[in-house]
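Residue-level listing of the chains:
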Amino acid sequence: GGQFKREVTVDGQSHLLLIREEGGAPDPEFASWADAIIFVFSLESEGSFQEVVKLHELLVTHRGAAEVALALVGTQDKISSSSPRVVEDARARALCGDMRRCLYYETCATYGLNVDR
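Residues numbered from 1 in each chain as written. Predicted model: local features only at pLDDT ≥ 70, side-chain atom pairs only at ≥ 80, totals over all residues. Heavy atoms only, no water.

Labelled according to an unreviewed UniProt entry, the chain appears under the name AGAP2 protein, originating from Eolophus roseicapilla.

### So, the overall build of the chain
For the chain, the helix and strand inventory stands at 3 helices and 5 strands. Overall, the chain shows an N-to-C arrangement of helices and strands of β-β-α-β-α-β-α-β. Taken over 117 residues, the chain has a buried fraction of 30%. Pairs at least 24 residues apart make up 62% of the contacts formed inside the chain by residues separated by at least 6 positions. Surface summary for the chain: the accessible area is close to 7800 Å², and the carbon and sulfur share equals 52%. (Helix = DSSP H or I, 4+ residues; strand = E, 2+ residues; numbered from the N terminus. Buried < 20%, exposed > 50% of the residue type's maximum accessible area, 1.4 Å probe, protein only. Contact = heavy atoms within 4.5 Å. Areas by Shrake-Rupley, 256 points an atom, 1.4 Å probe, with all protein chains shown as cover.)

### Some thoughts on the packing of aromatic side chains
One pass over the full model with this rule turns up 1 aromatic pair. On the basis of an interplanar angle of 70 degrees and a centroid distance of 5.1 Å, the ring pair of Phe41 and Phe49 is categorised as edge-to-face. (Phe/Tyr/Trp six-rings, centres within 6.5 Å; stacked < 30°, edge-to-face > 60°.)

### Quick word on the packing of helix H2 (residues 46-62) against helix H3 (residues 89-99)
Here H2 crosses H3 at 5 degrees, and the two axes come no closer than 11 Å. In terms of orientation, H2 lies roughly parallel with respect to H3. Contact with H2, carried on its side by Glu46, Phe49, Gln50, Val52, Val53 and His56, involves Arg91, Ala92, Leu95 and Met99 of H3 and no other residues of that element. Looking at the contact of H2 with H3 residue by residue, the class counts come to 6 nonpolar, 2 polar and 2 charged. (Axes fitted to C-alpha atoms, helices over the stretch in contact; angles between N-to-C directions. Parallel < 35°, antiparallel > 145°, perpendicular 65-115°, else oblique. Nonpolar A, V, L, I, M, F, W, Y, C, P; charged D, E, K, R; others polar.)

### A look at the sheet that holds strand E4 (residues 69-75)
Two orientations exist for strands paired in a sheet by backbone hydrogen bonds: parallel and antiparallel. Read across the open sheet, the 3 strands follow the order E3-E4-E5; overall the sheet is parallel. The open sheet terminates on both sides in strands that have one partner only, identified here as strand E3 (36-42) and strand E5 (102-107). For this sheet the average axis-to-axis angle between neighbouring strands, irrespective of direction, equals 20 degrees. Examined bridge by bridge, E3 and E4 share 7 bridges and lie parallel to one another. Bridge pairing in E4 links Val40 to Val73. Against the sheet, H2 touches E3 and E4, its axis set at about 160 degrees to E3. Packed onto the sheet, H3 meets E3, E4 and E5 and runs at close to 155 degrees relative to E5. (Pairing = 2+ DSSP bridges.)

### What to know about unusual backbone geometry
Of note in the backbone geometry, Arg100 takes a positive phi value of approximately 65 degrees without being a glycine. As for its position among the elements, Arg100 is in the loop between H3 and E5. The exposure class of Arg100 is exposed, given its relative accessible area of 59%.

### Some words on the state of the cysteines
This model, assessed by the stated rule, comprises 0 disulfides. Its sulfur unpaired, Cys96 is 3.0 Å from the next cysteine sulfur, which belongs to Cys102. On the basis of relative accessibility, which here comes to 15%, the residue Cys102 falls in the buried class. (Disulfide = S-S within 2.5 Å.)

What follows is the structure, encoded as structure tokens:
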């Protein structure tokens, strides 16, 4: 886990993002202070995908999902012949649909795919 700051411009207005990265099991109170949540999982790890499902279930037990902006991000940096993709696009998009009002992106930091988005 860690804390980060980043300034972004949206529709011509500058905004300061205060980002808190949660590692491991989060404190259930995370739902009370967050304005937006980005769930990140690895496309070659079924376990990380299932962890996102659990974390989203935890979120909705403490706060209405409609009150929080959500994004789901699948990372593909570790995909290789020895570590193939196991979470297909359709499954990730279905989960995103279940989360309601959720954006979905696949990223690859190695190649810069959707990193800035």
